[in-house]
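Observations on the three-dimensional arrangement
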Amino acid sequence: RVFTIALLCIAAAATPAAEECTSTAVLARLEQLETRLMARLQSLENTVQGLASCAQVEAAHRYTGPSGRSAPAPAAEFKEEQPPSDPLATIHFMFGLWDEGGKMPVEFSDAMETWKKLNPRWKIKLWNKEDIKSLWSSEFPDLKPLWKKCKPIQRADLGRLMILLVHGGLYADLDCLPTKPIDELFAINGFRAVQHNTVVCVEDQQEATQNALTAQWEIRQGVPEYPTRIANYVFWAKPNSPLLRRALDLAVARISRLSEADYQVRGAPHLNNPYAIIYSSGPDVLTEATFPEANGRQADWSTLVVPKDKCGMFNKATGTWIGDQHPAWGQSQL
């Protein structure tokens, strides 16, 4: 940069009509040159990345046979070409945080099998209540008192954040089914390992009128929902993701603030209020962390926000945690 400034000064001095070589003029010119250079580099990088992605997709489906002709790749040879396993290529699931001793429904075990078949290089990790409790107390000891205050569904919400904050990888609900391999979805959506530390999916886009109404809800304290809701049923992150740390901190603050009355429908205390969970530890927390107010409600450059139609996931939304006198709320079923 100093050498460039010197050259600009010499050029300015050698030109009769040139302006005086002040530091301000030189820096302004330098900024222009840097902007043009970065644009050229970005364009080149995008081109290289696009070619690499095309090559990977082609290699996954074609290979050159003994005759020299291109032919469909045998399964065994394609498997040998797969990248080596890495800790971030792990799919995390949870079960049993309120169904203690219960057998996993067949649709959930089938879902895990679907994830396996579509992503053969990815590892599968199933967490139960004791696993989450152990992780909670060992890695987040300051939050141990919160375990008792949390309802089982909130433990599940915080647990998924804690898992990826410590281990990284992809979290998915058991009622979430993939339609394409994870690696393919990452490539389609422009994932860059050197840039992105968190990948989230859009769950829904609210109308402006509906968004304004949410500010009137007592639990939101006059603050409307952000119109783009981020799903918390599937997301990927590197360990210590700043976004997930913001989400965890916000969830802890909200859960600590809410009273038992906030979890009940106004005027009907025998009915559970599902929005209290959505707001305190569910998708609203992840949404706020993705589009922080401190950042002008813009996602950070290190966050990849995937549009709903490109997420490649089918969320069956079975609502296993919704209901009255429900174990997900720490209640005994009638």
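The structure presented is a predicted model; accordingly, all values stated were derived computationally and were not measured.

Per the stated rule, a full pass over the model turns up 1 disulfide. In this model, C201 is linked to C311 through a disulfide, with the two sulfur atoms separated by 2.3 Å. Taking the torsion about the S-S bond as the criterion, the C201 to C311 disulfide, at about 85 degrees, is right-handed. One end of the pair, C201, is in strand β7 (residues 198-205); the other, C311, is in the loop between β11 (303-306) and β12 (313-315), and 110 residues separate them in sequence. As far as burial versus exposure is concerned, C201 and C311 are alike and both buried.

Strand order across the open sheet formed by 6 strands is β4-β3-β5-β8-β7-β11, with mixed pairing between neighbours. Because the sheet does not close on itself, it has two edges, and the strands there are β4 (123-127) and β11. Between one strand axis and the next, the sheet turns through 35 degrees on average, direction left out of account. Judged from the 6 bridges that link them, β7 and strand β8 (residues 228-237) form a sheet pairing that is antiparallel. Within the sheet, the bridge partner assigned to V199 lies in β8 and is W236. The strands touched by helix α12 (residues 283-290) within the sheet are β7, β8 and β11, with β8 carrying the most contacts at an inclination of about 85 degrees.

In this section: the side chain of R254. In this structure, R254 sits in helix α10 (residues 242-257). Judged by its relative accessible area of 9%, R254 is buried. Discounting residues that sit within four places of it in the chain, R254 has contacts with Y279, S280, D284, V285 and E288.

Quick look at unusual backbone geometry now. Where the residue is not glycine, phi is negative for most of them; where a peptide bond is considered, it is trans in most cases. Its identity as a non-glycine residue notwithstanding, Q221 has a phi of 55 degrees, on the positive side. Summarising the element assignment, Q221 is placed in the loop between α9 (208-214) and β8. Assessed through its relative accessible area of 54%, Q221 is described here as exposed. Backbone geometry at N240 places phi at a positive 60 degrees, although glycine is not the residue there. Structurally, the position occupied by N240 is in the loop between β8 and α10. Its relative accessible area of 61% is what places N240 among the exposed residues.

It is worth spelling out empty space enclosed by the protein at this point. Under the counting rule described, the total for this entry stands at 2 cavities of 30 Å³ or more. Reported here for the largest cavity is a volume of approximately 120 Å³. As for the largest cavity, its lining consists of 14 residues, of which L170, F186, V199, C201 and M313 are closest to the centre. Within the residue set of the lining of the largest cavity, elements represented by two or more residues are α8 (182-188), β7 and β8.

Within the structure shown, the criterion is met by 12 salt bridges. A salt bridge links E288 to R220; its shortest N-O distance comes to 3.6 Å. One end of the pair, E288, is in helix α12; the other, R220, is in the loop between α9 and β8, and 68 residues separate them in sequence. With respect to burial, E288 and R220 carry one shared label: buried. The shortest N-O distance in the salt bridge between E225 and R229 comes to 2.9 Å. Accessibility expressed as a relative area gives 4% for E225, which makes it buried. Connected through salt bridges with shared partners, the residues R220, R254, D284, E288 and R297 form a single ionic network.

Calculation rules
Residues numbered from 1 in each chain as written. Predicted model: local features only at pLDDT ≥ 70, side-chain atom pairs only at ≥ 80, totals over all residues. Heavy atoms only, no water. Disulfide = S-S within 2.5 Å. Helix = DSSP H or I, 4+ residues; strand = E, 2+ residues; numbered from the N terminus. Buried < 20%, exposed > 50% of the residue type's maximum accessible area, 1.4 Å probe, protein only. Pairing = 2+ DSSP bridges. Axes fitted to C-alpha atoms, helices over the stretch in contact; angles between N-to-C directions. Contact = heavy atoms within 4.5 Å. 1 Å grid on protein atoms, 1.4 Å probe; cavity = no way out; pocket = protein on both sides within 12 Å on 5 of 7 lines; lining within 4 Å. Points joined across faces, edges and corners; volume = space filled by probe spheres on them. Salt bridge = Lys/Arg side-chain N within 4 Å of Asp/Glu carboxyl O.

In short, geometric facts, not functional conclusions.
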